[in-house]
Amino acid sequence: MIRTHDYWMNKAIAEARKAEAIAEVPIGCVIVQDNKIIARAHNLRETKQDPAAHAELLAIRKAARRLGNWRLLESTLYVTLEPCLMCMGAILLARIPTVVFGCFDPKAGAAGSLYDLSNDPRLNHSCELISNIRQQECSGLLTAFFSELRRKKRSIQGQG
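Residues numbered from 1 in each chain as written. Predicted model: local features only at pLDDT ≥ 70, side-chain atom pairs only at ≥ 80, totals over all residues. Heavy atoms only, no water.

Attention shifts here to unusual backbone geometry. The backbone phi angle of glutamine 49 is positive, close to 50°, even though this residue is not glycine. The residue asparagine 132 is not glycine, and still its phi comes out positive at about 65°.

Here it is, written out as C-alpha cells:
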C-alpha cells in the first residue's frame, strides 16, 4: 500500500507531540524509504543541552546508522517545520532527494522563507521541496507551545 504525504506527516506530528510532552519545542521528523519509516526523531535541544539536537539531524543520523550508509539517496524526509540552515545543510549532504514539511519558519527557514538551499546552483546537491502538508496542525502545535511558554513566564514574573 502506497501511503500519502499526509499519512507520513501524521507520523512526524506524533514525534512532535513527544517533544512537547517533555517541554521541547514540538518539532518531529520521520525519514521514509521503500514505504517504511527508517528513522524517527523529535527535538531534544533542551534535554541534551545540544544546539544541534534538531529533529532532522537526529533522524538523519539514525537513518544513516540503520542503513550503514550516510547517503540517503532513496529516502524522503518529513518534518513538521521548515528546516533551518543547519538541517538543510545536513539534508543536502546526506543526499536526501525529497523534503516534505508542514509549515514555514519565517524566522529561521532555509527551504523558502529566509533562504532556499534546496536548489541553490552554487551547491553540489539539491532536493525537491513539498510544503504545507498538515500546515494548520503543524503551526498550531508551535503556536500553542510558545503561547503556553509565554503564559508561564508571565505567571512567574507576576509572582516575583
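That shown, we press on.
Take the layout of surface pockets next. Its volume calculated, the largest pocket comes out at about 410 Å³. Contributing to the lining of the largest pocket are 18 residues, with Val25, Ile27, Leu81, Asp105 and Phe146 lying nearest its centre. Counting only elements with at least two residues in the lining of the largest pocket, the list comes to β3 (75-81) and α5 (135-159). In terms of residue class, the lining of the largest pocket is made up of 11 nonpolar, two polar and five charged. (1 Å grid on protein atoms, 1.4 Å probe; cavity = no way out; pocket = protein on both sides within 12 Å on 5 of 7 lines; lining within 4 Å. Points joined across faces, edges and corners; volume = space filled by probe spheres on them. Helix = DSSP H or I, 4+ residues; strand = E, 2+ residues; numbered from the N terminus. Nonpolar A, V, L, I, M, F, W, Y, C, P; charged D, E, K, R; others polar.)

What follows concerns the UniProt feature "binding site: Zn(2+)" (unreviewed entry) in the protein chain. If you check UniProt for "binding site: Zn(2+)" (unreviewed entry), the listed places come out as His54, Cys84 and Cys87 in our numbering. The greatest C-alpha distance among the annotated residues, which extend across 34 residues, is 9.3 Å, indicating that they converge on a single site. Residues from the annotated list that form part of the lining of the largest pocket: His54, Cys84 and Cys87. The topology assignment puts histidine 54 in the loop between α2 (45-48) and α3 (55-67). Taking relative accessible area as the criterion, histidine 54 reaches 15% and is therefore assigned buried. Within the structure, histidine 54 has its side chain in polar contact with the backbone oxygen of proline 51 (distance 3.4 Å). For cysteine 84, the location among the structural elements is in the loop between β3 and α4 (85-93). By relative accessible area, which is 15% here, cysteine 84 ends up buried. Ignoring sequence-local partners within four residues, the contact set of cysteine 84 consists of His54, Ala108 and Ala110. (UniProt positions renumbered as here; feature names shortened; annotations may be inferred. Buried < 20%, exposed > 50% of the residue type's maximum accessible area, 1.4 Å probe, protein only. Polar contact = N/O pair within 3.5 Å; in protein donor to acceptor, adjacent residues only side chain to side chain. Contact = heavy atoms within 4.5 Å.)

Glancing now at α5. In a regular helix each residue adds 1.5 Å, so 25 residues correspond to 36 Å; α5 covers 36 Å between its end C-alpha atoms and thus fits that length. All buried positions along α5 are accounted for by Cys138, Leu141, Leu142 and Phe145. If you follow the buried residues of α5, they end up packed against α1 (5-21), β3 and β4 (98-103). (Expected span 1.5 Å × (residues − 1).)

What follows deals with the pattern of salt bridges. Counted by the stated rule, this structure contains six salt bridges. The shortest N-O distance in the salt bridge between arginine 134 and aspartate 6 comes to 3.6 Å. Pair noted here: arginine 134 is in the loop between β5 (128-130) and α5 and aspartate 6 is in helix α1, with a separation of 128 residues, a long-range link. The residue glutamate 137 makes a salt bridge to arginine 17 at a minimum N-O spacing of 3.5 Å. Of the two residues, glutamate 137 sits in helix α5 while arginine 17 sits in helix α1, which places them 120 residues apart along the sequence. In this structure arginine 17 comes out as partly exposed when scored by relative accessible area, which is 40%. Salt bridges here are not isolated pairs; linked through shared partners, they connect Asp6, Arg17, Arg134 and Glu137. (Salt bridge = Lys/Arg side-chain N within 4 Å of Asp/Glu carboxyl O.)

If you look at the biggest cluster of nonpolar residues, it comprises 50 residues, and the most contacted ones within it are Met9, Ile31, Ile60, Leu77, Tyr78 and Ile91. Those elements that place two or more of their residues in this core are α1, β1 (28-33), β2 (36-42), α3, β3, α4, β4 and α5. With sequence-adjacent residues up to four places away left out, isoleucine 31 is seen in contact with Lys36, Ile37, Ile38, Ala39, Ala59, Ile60, Ala63, Leu72, Ser75, Thr76 and Leu77. (Core = buried A, V, L, I, M, F, W, Y, C linked by side-chain atoms within 4.5 Å.)

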